[in-house]
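Chain residues, written in single-letter form:
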Amino acid sequence: MSDSEAWTIGRLLTWTTEFLKKHHAESPRLDAEVLLAHARGCQRIQLYTAFDQLADEALRTSFRALVKQRADGLPVAYLVGKREFYSLNFRVTPDVLIPRPETEFLVVRLLDLAKKLSAEGAAGAQPAPRILDVGTGSGIIAICAAKKIPQAKVTAIDISPAALTVARQNAADLGVAERVEFIESDLLAALPPDRTFEIIASNPPYISAAEFELLEPSVRDREPRLALLGGTQGTEIICRLIDQAAERLVPGGYLLCEISPTLPGLVELFAAGGKFEVAPPIKDLAGQIRVMQARRLG
């Protein structure tokens, strides 16, 4: 950054946007704004009323360090330590997958189903719906369920102890620590054998080995491989989840699973064991399939 002109907030944003664009950032202007707001300790919108204000040396030094790390490929969410999801702020670290907007489609469907099942009374269902989030990561699915459905009994499991630490912190930050049970488990293996649920929801690893190698370096090399790679075909963990969920859902209960729209034969995969009736998949705003939903047959 040349010092031939005064470094105002506006000039910092303009220069950094061009710099990050040259380093192939997908959203250089947004990245610049988020990082500068974080370095300045303000809301991003407040930058727009401060364009002409001078940035002192301390701010420029702090901001410069963040921008360098972003140019080196570290995701913005890890640099600022948080990401908004479903209008809530969640802590994120390199131990957890960064929340994506696509997962909100799963959360919306989960909330709708919880209300529906409570109203109609699925076989064996409880007045307070029992919801299981498999592979909780930062806890976004489980915590949104607990926030929006106060009567729900929510359980969240993950194979990663480090991810569970982040999820527990988020539950405490968002006021639902007493209402979400966290369990370390490889899928459903560690659950007591008599535990059943009305809804099992999951954003499992579903990237195939071939697709994994084609991911953006900021995703492939920075986010946890354990949360991304679903096996050689990308469906191996999903297949295990389907089998285990069939034994834990009450008749009429639902399995919701976020998937990649590139995975083939998903309807056949969910229906293969004869234990599920596959409902129409949920598509994102681009018209791509993002969430599979299957109802446990009686």
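Preceding block: the structure.
Before going into details, it helps to say that this report is about the structure given with it. Bear in mind the structure is a predicted one, so any value in this text is a computation, not a measurement.

1. A few points about the packing of aromatic side chains
Evaluated as defined, the whole model comprises four aromatic pairs. Each ring, one from W7 and one from W15, has its centre 6.4 Å from the other, and the planes form 85°; the classification is edge-to-face. Among the residues examined, W7 registers a relative accessible area of 4% and is labelled buried. Ring centres of Y48 and F51 lie 5.6 Å apart, and the angle between their planes is 35°; this geometry places the pair in the tilted category. On the basis of relative accessible area, Y48 is assigned to the partly exposed category, the value being 46%. Feature note: the residues W7, W15 and F19 constitute an aromatic cluster, connected by ring pairs. Sitting over the ring of W7, R11 keeps its end group 3.6 Å from the ring centre.

2. Describing the layout of surface pockets
In this structure, the second largest pocket occupies an estimated 530 Å³ of space. Along its surface, the second largest pocket is lined by 32 residues, and G135, D158, N203, P205 and A227 are the ones closest to its centre. Among the secondary structure elements, those contributing two or more residues to the lining of the second largest pocket are β3 (130-134), α6 (140-148), β4 (153-158), α10 (225-228) and α11 (236-246). Across the lining of the second largest pocket, the residue classes break down as 17 nonpolar, nine polar and six charged.

3. Overview of the state of the cysteines
Under the defined criterion, the tally for this structure stands at zero disulfides. C144 carries a free sulfur, and the closest cysteine sulfur to it, the one in C257, is 17 Å from it. The exposure class assigned to C257 is buried, which follows from its relative accessible area of 0%.

4. Topic: the environment of A210
Secondary-structure assignment places A210 in helix α8 (residues 209-213). A210 gets classed as exposed once you look at its relative accessible area, which sits at 56%. As a C-alpha pair, A210 and G231 span 21 residues in sequence and 9.6 Å in three-dimensional space.

5. Here we look at the sheet that holds β4
Consider a sheet: its strands pair through backbone hydrogen bonds, and that pairing is either parallel or antiparallel. Within the open sheet, the seven strands sit side by side as β5-β4-β3-β6-β9-β11-β10. Their pairing is mixed. Looking at the sheet topology across the chains shown, the edges are occupied by β5 (180-184) and β10 (276-283). Each strand axis lies, on average, 20° off the axis of its neighbour in the sheet, ignoring direction. As defined by bridge partners, strand β6 (residues 197-202) adjoins strand β9 (residues 249-258) across five bridges and the pair is classed as parallel. Counterpart to I199 in the pairing with β9 is Y254. Each of β4 and β5 is contacted by helix α7 (residues 161-173), which is oriented at about 170° to β5, the strand it contacts most.

Reading the values: the criteria
Residues numbered from 1 in each chain as written. Predicted model: local features only at pLDDT ≥ 70, side-chain atom pairs only at ≥ 80, totals over all residues. Heavy atoms only, no water. Phe/Tyr/Trp six-rings, centres within 6.5 Å; stacked < 30°, edge-to-face > 60°. Buried < 20%, exposed > 50% of the residue type's maximum accessible area, 1.4 Å probe, protein only. Lys NZ or Arg CZ within 6 Å of the ring centre and 35° of its normal. 1 Å grid on protein atoms, 1.4 Å probe; cavity = no way out; pocket = protein on both sides within 12 Å on 5 of 7 lines; lining within 4 Å. Points joined across faces, edges and corners; volume = space filled by probe spheres on them. Helix = DSSP H or I, 4+ residues; strand = E, 2+ residues; numbered from the N terminus. Nonpolar A, V, L, I, M, F, W, Y, C, P; charged D, E, K, R; others polar. Disulfide = S-S within 2.5 Å. Pairing = 2+ DSSP bridges. Axes fitted to C-alpha atoms, helices over the stretch in contact; angles between N-to-C directions. Contact = heavy atoms within 4.5 Å.

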